[in-house]
Amino acid sequence: MSISTVVNKRIKVFVLSLLVIVIAVSGTYFVFSKNSVNEGVLLNNKNLKVILKGDKTLKFGEYPMSFQQGYEESPSNIYKIVNKSKFSTDYQVIVTETSRGLDKIDLNKIVVAINEDVKLLSDVLNGIVYESTINSKKEDILDIKIWLNKDKVTEADKNRNLNLKIEFKEI
């Protein structure tokens, strides 16, 4: 075997290896660019995918606030709900208070606004603050805001932590 044949084989192996590396890096970039670092996937089952846009932590208003002030000034938690199925799908948004014992804030003091629908958490059954149907291959955008009701909060409540959990459930 001549030296030029050996060099040509090594060049071919090097080019082929470089091509495989470029394809692997490009594929990895494509996968991660489709799932942005700033989007947290909260649910991804057969029919629904729920994505929290932006910061992955639940944001609350500077509380306590009136209904109007809370609706206008509370930070938004934007969720995108995508129906991946070929059929309409029903879903619920459930908000629950997760504090325990004396640190717990009464549900009649917590206000939840979803898009333009504002309600006290005590006025809902089993924490279900929103129900909707999403058509096949469509998506919904929900703007959820949370704050404490100025008219109901006591001095003791101001020293407590507001610990809530938002869940999305397919029904």
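Residues numbered from 1 in each chain as written. Predicted model: local features only at pLDDT ≥ 70, side-chain atom pairs only at ≥ 80, totals over all residues. Heavy atoms only, no water.

## Quick notes on the packing of aromatic side chains
Item 1. Under the criterion given, the structure shown has 2 aromatic pairs.
Item 2. A centroid spacing of 5.0 Å and a plane angle of 50 degrees characterise the contact between Tyr79 and Phe168, whose relative ring orientation is tilted. Pair noted here: Tyr79 is in strand E3 (residues 77–83) and Phe168 is in strand E9 (residues 164–170), with a separation of 89 residues, a long-range link. Assigned by exposure class, Tyr79 and Phe168 land together as buried. (Phe/Tyr/Trp six-rings, centres within 6.5 Å; stacked < 30°, edge-to-face > 60°. Helix = DSSP H or I, 4+ residues; strand = E, 2+ residues; numbered from the N terminus. Buried < 20%, exposed > 50% of the residue type's maximum accessible area, 1.4 Å probe, protein only.)

## Focus: the sheet that holds strand E4 (residues 89–97)
Item 1. Spatially, the 3 strands line up as an open sheet ordered E7-E4-E9, and their pairing is antiparallel. At either margin of the open sheet sits one strand with a lone partner, and together these are strand E7 (128–134) and E9. The sheet shows a mean angle of 15 degrees between the axes of neighbouring strands, direction not considered.
Item 2. Of the strand pairs in this sheet, E4 and E9 are connected by 7 bridges, and their pairing is antiparallel. By the bridge assignment for E9, Val95 is matched with Ile166. (Pairing = 2+ DSSP bridges. Axes fitted to C-alpha atoms, helices over the stretch in contact; angles between N-to-C directions.)

## Concerning the side chain of Asn77
Item 1. Turning to its location among the elements, Asn77 is positioned in strand E3.
Item 2. At 2.9 Å, the side chain of Asn77 forms a polar contact with the backbone nitrogen of Lys59.
Item 3. When near neighbours in sequence (up to four residues on either side) are disregarded, Asn77 contacts Thr57, Leu58, Lys59, Leu142, Asp143 and Ile144. (Polar contact = N/O pair within 3.5 Å; in protein donor to acceptor, adjacent residues only side chain to side chain. Contact = heavy atoms within 4.5 Å.)

## Notes on the nonpolar core
Item 1. Counting 26 residues, the largest nonpolar core has Ile144 and Phe168 as the members making the most contacts within it.
Item 2. At the level of secondary structure, the elements contributing two or more residues to this core comprise strand E2 (48–53), E3, E4, strand E5 (110–114), E7, strand E8 (139–148) and E9.
Item 3. Sorting elements by how many residues they give to this core places E8 first, with 4 residues.
Item 4. Residues within four places of Ile144 in sequence aside, it is in contact with Pro75, Ser76, Asn77, Tyr79, Val93, Val112, Ala113, Ile114, Ile166 and Phe168.
Item 5. Met65, Val111, Leu120 and Trp147 belong to the second-largest nonpolar core, a separate cluster that totals 5 residues. (Core = buried A, V, L, I, M, F, W, Y, C linked by side-chain atoms within 4.5 Å.)

## Some words on the environment of Ala24
Item 1. Within the fold, Ala24 resides in helix H1 (residues 3–34).
Item 2. Overall, the relative accessible area of 43% leaves Ala24 in the partly exposed class.
Item 3. As for Ala24 and Leu148, which are separated by 124 residues in sequence, their C-alpha atoms are 50 Å apart.

## Let's talk about the pairing of strand E6 (residues 117–120)
Item 1. As judged from the 4 bridges shared by E5 and E6, these two strands associate in the antiparallel manner. Bridge pairing in E6 places Val111 opposite Leu120.
Item 2. Where E5 folds back onto E6 in an antiparallel hairpin, the turn is made up of 2 residues, including Asn115, whose phi is positive at roughly 55 degrees.

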